[in-house]
Amino acid sequence: MSTSNSPQPIRFFHRGEVVQIQGPHPTRSVLEWLREDAHCTGTKEGCNEGDCGACTVVIAELAEDGAKDAIGGLRLQTVNACIQFLPSLNGKALFTVEDLKPMAQCSAAGAQGCTGKAGHSEAQSLHPVQQALVDCHGSQCGFCTPGFAMSLWSSYEHHQQQGSQPTRQQLADELSGNLCRCTGYRPILDAGQRMFDLPAVRLDAAPVVAALQGLQHGDASFDYAVASGLRTDHFHAPRTLDALASLCEAKPQARIVAGCTDVGLWVNKQFRDLGDIVYVGDVSEMKRIEVREDAEGGELYIGAAASLEAAWGALAQRFESLTDVWLRFASTPIRHAGTMGGNVANGSPIGDSPPVLMSLDAQIELRKGERVRRMPLQDFYLDYMKSQLESGEFVQGLAIPLHVSSRQVRAYKISKRFDCDISALCAGFSIELDGDVVKTVRLAFGGMAATVRRAAGAESMLLGKPWTQENAKAAQLALAQDFKPMSDMRASADYRLKVAQNLIQRLWLETRADQPMNTQTTSVWSVMPHAAMIAAVEQGD
């Protein structure tokens, strides 16, 4: 039994009040705390690795001034409670399925300032999300229902705030991280539309905002510590970039985490001992996504702690062809929690971000103490799960030169499931033509080698040559020399090579100088309203 020696408890807003916690190990998950400590058992444990969505909860933070997606001063996002470490809730608000009915009861009673602890004597109203699931028979065994309800509630609040209603495809995108094995998705999507027809019940955000404002401590770091056997394990949460740099340099052995979408599984599935943890989720400087002008034409800068959802949205705003990969990258809750910087730093050979970023000539920015250095992302990876990162160094950001906007960009994700699946291979391509001659070409692949890397031989078959079927065929054949893929549970080596070759053919069909094939004819997304997603990004939502 561990005991806390931390002078700083974990403090967050839950069920209408601020809770203060000391004692749990830093790697205890939010789900474990909910079910075993808070006895809020509505949130379920299914896969315990962020795949099924049975544990979906909503995390609220104070929104930045002027944020267009703010709801009463709050930023609401769905996450998987099973892979979120409990100390990461510090200074935030946690909403679970237990909060929905009390919201409706407060609304029915006309209560002001009611945030989730309605008495039993109040009208036994259901929240529109819950009532719609009942009306549309959206639950059978019920195990997955709480997770669906929370994803639907997040959608409900955002669309009510915007005065809009989602299409069925938008609902399907928002529910991509929630799996149902018995009811089927049709009645759940019916419920997602039905909930807007019922009398509105909105979150009273004012008391939550007031509580969160009272939990803020400026730039002071949050440090949580628990005695574990003969040692003390720390959870450090710096709030400035300089503090993070100093901490990483002083504790080079500490494990850096952001959304825990990978490291969380190390604990849940591999039972790994993480030791000290450095959490970057509170460093606002590392969440910035901005255009920086310079003498070379400027760059799109993505801070390493920017969420996958925000980072992919920024890329899709400039390259609409990346929207497919954005919406198919993991799931909505995973994209809310995970970061593009983490996806790159991880070094996985099947990561989806690195091949796309390599095709855009991205540079990775590294920091150690006061020193900041950059290098092309293609030079960052040395071998399987090995990189150029030095001890005490961390990924600070990613930079994409704006001049690549003159290229045609494509990204193709190949996986067994369409949504929420790990790629068998992922390709990021960019090509610029001068007439019918290839002026610039980048062909980057994940899942084809021990690291994500470019196909140098295939590129050489195209650069400076006419963009013809014959030369595309030569590039396809060169892939066999560029890569010797492996066989595993996701795909065989032969399959990977054949598909990679076919993707070059697809690139040629879509970008050839003479009668290029419309991408809508090669994508199942042709009947799905991407325009709404792009419009939301352009408006800053």
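It should be noted that the structure appears before, not after, this text.
Residues numbered from 1 in each chain as written. Predicted model: local features only at pLDDT ≥ 70, side-chain atom pairs only at ≥ 80, totals over all residues. Heavy atoms only, no water.

Engineer: Before we go on, may I ask you to explain the sheet that holds strand 20 (residues 453–454) in this structure?
Structural biologist: Neighbouring strands of a sheet are bound in pairs by backbone hydrogen bonds; such pairs are parallel or else antiparallel. The four strands are arranged 17-18-19-20 in an open sheet whose pairing can be described as antiparallel. Two strands lie at the open edges of the sheet, namely strand 17 (408–414) and strand 20, each paired on one side alone. Across nine bridges, the pairing between strand 18 (residues 425–434) and strand 19 (residues 437–446) is antiparallel. The partner of alanine 427 across the bridge, within strand 19, is phenylalanine 445. Sheet strands in contact with helix 17 (residues 493–511) are strand 17, strand 18 and strand 19, and its direction is about 150° off that of strand 17. (Pairing = 2+ DSSP bridges. Helix = DSSP H or I, 4+ residues; strand = E, 2+ residues; numbered from the N terminus. Contact = heavy atoms within 4.5 Å. Axes fitted to C-alpha atoms, helices over the stretch in contact; angles between N-to-C directions.)

Engineer: What exactly am I supposed to notice about the pattern of salt bridges here?
Structural biologist: A side chain with one charge can pair with a side chain of the opposite charge if their charged atoms come near. Inspection of every chain in the model, using the stated rule, returns 32 salt bridges. Where arginine 374 meets glutamate 365, a salt bridge forms, and the shortest distance between an N and an O atom there is 3.0 Å. Relative accessible area serves as the criterion here: at 33%, arginine 374 is assigned to the partly exposed category. For glutamate 365, a relative accessible area of 8% puts it in the buried group. What you see here is one network of salt bridges that share partners, running through Lys368, Arg371, Arg373, Glu390 and Glu393. (Salt bridge = Lys/Arg side-chain N within 4 Å of Asp/Glu carboxyl O. Buried < 20%, exposed > 50% of the residue type's maximum accessible area, 1.4 Å probe, protein only.)

Engineer: What is the right way to look at helix 10 (residues 308–318) in this model?
Structural biologist: Every α-helix carries 3.6 residues per turn, so stepping three or four residues along brings you back to the same face. In terms of residue burial, helix 10 counts as a mostly covered element, since eight of its eleven residues are buried. All of the buried residues in helix 10 are Leu308, Glu309, Ala311, Trp312, Gly313, Ala314, Leu315 and Ala316.

Engineer: What is the right way to read the environment of serine 492 from this model?
Structural biologist: For serine 492, the position within the fold is in the loop between helix 16 (469–482) and helix 17. Using a relative accessible area of 32% as the deciding quantity, one classes serine 492 as partly exposed. Separated by 18 residues in the primary sequence, serine 492 and glutamate 510 place their C-alpha atoms 27 Å from one another.

Engineer: Would you explain the environment of glutamine 77 in this entry?
Structural biologist: Note on placement: glutamine 77 falls in strand 4 (residues 74–80). Residue classification places glutamine 77 among the buried positions, given a relative accessible area of 13%. Residues glutamine 77 and arginine 335, spaced 258 residues apart in sequence, show a C-alpha to C-alpha distance of 9.9 Å. Leaving out residues up to four positions away in the same chain, glutamine 77 has contacts with Val57, Val58, Ile59 and His336. Polar side-chain contacts of glutamine 77 include one of 3.3 Å to the side chain of arginine 75. (Polar contact = N/O pair within 3.5 Å; in protein donor to acceptor, adjacent residues only side chain to side chain.)

Engineer: Help me understand the packing of aromatic side chains in this model?
Structural biologist: In this description, a pair of aromatic rings is defined by centroid distance and the angle of the planes. Going through the model one piece at a time under the given rule, you end up with eleven aromatic pairs. For the pair tyrosine 412 and phenylalanine 429, a centre-to-centre distance of 5.9 Å together with 75° between the ring planes defines the contact as edge-to-face. Linking tyrosine 412 in strand 17 with phenylalanine 429 in strand 18, this pair joins segments that are 17 residues apart in sequence. For the pair shown, tyrosine 412 and phenylalanine 429 are each scored as buried. When the ring of phenylalanine 445 is compared with that of phenylalanine 483, the centres are 5.6 Å apart and the planes differ by 75°; the resulting orientation is edge-to-face. Linking phenylalanine 445 in strand 19 with phenylalanine 483 in the loop between helix 16 and helix 17, this pair joins segments that are 38 residues apart in sequence. Note on phenylalanine 445: relative accessible area 0%, which makes it buried. Owing to a relative accessible area of 1%, phenylalanine 483 belongs among the buried residues under this scheme. Pairwise contacts between aromatic rings join Tyr412, Phe429, Phe445 and Phe483 into one cluster. Positioned above the aromatic ring of tryptophan 266 is the side chain of arginine 272, whose terminal nitrogen or guanidinium carbon lies 3.8 Å from the ring centre. (Phe/Tyr/Trp six-rings, centres within 6.5 Å; stacked < 30°, edge-to-face > 60°. Lys NZ or Arg CZ within 6 Å of the ring centre and 35° of its normal.)

Engineer: Whenever I open this one, the sheet that holds strand 13 (residues 371–376) confuses me. Can you help?
Structural biologist: Here five strands make up an open sheet; going across it, the order is 10-11-16-12-13 and the pairing antiparallel. At either end of the open sheet lies a strand with only one pairing partner, and these are strand 10 (289–292) and strand 13. Each neighbouring strand pair of the sheet contributes to a mean axis angle of 25°, computed without reference to strand direction. Examined bridge by bridge, strand 10 and strand 11 (residues 299–303) share four bridges and lie antiparallel to one another. Across the sheet, valine 291 pairs through a bridge with leucine 300, a residue of strand 11. Against the sheet, helix 8 (residues 241–250) makes contact with strand 12 (363–368) and strand 16 (394–401), and its axis sits at roughly 130° relative to strand 16, the strand it touches most. This element, helix 10, spans strand 10, strand 11 and strand 16 of the sheet and lies at about 165° to strand 11.

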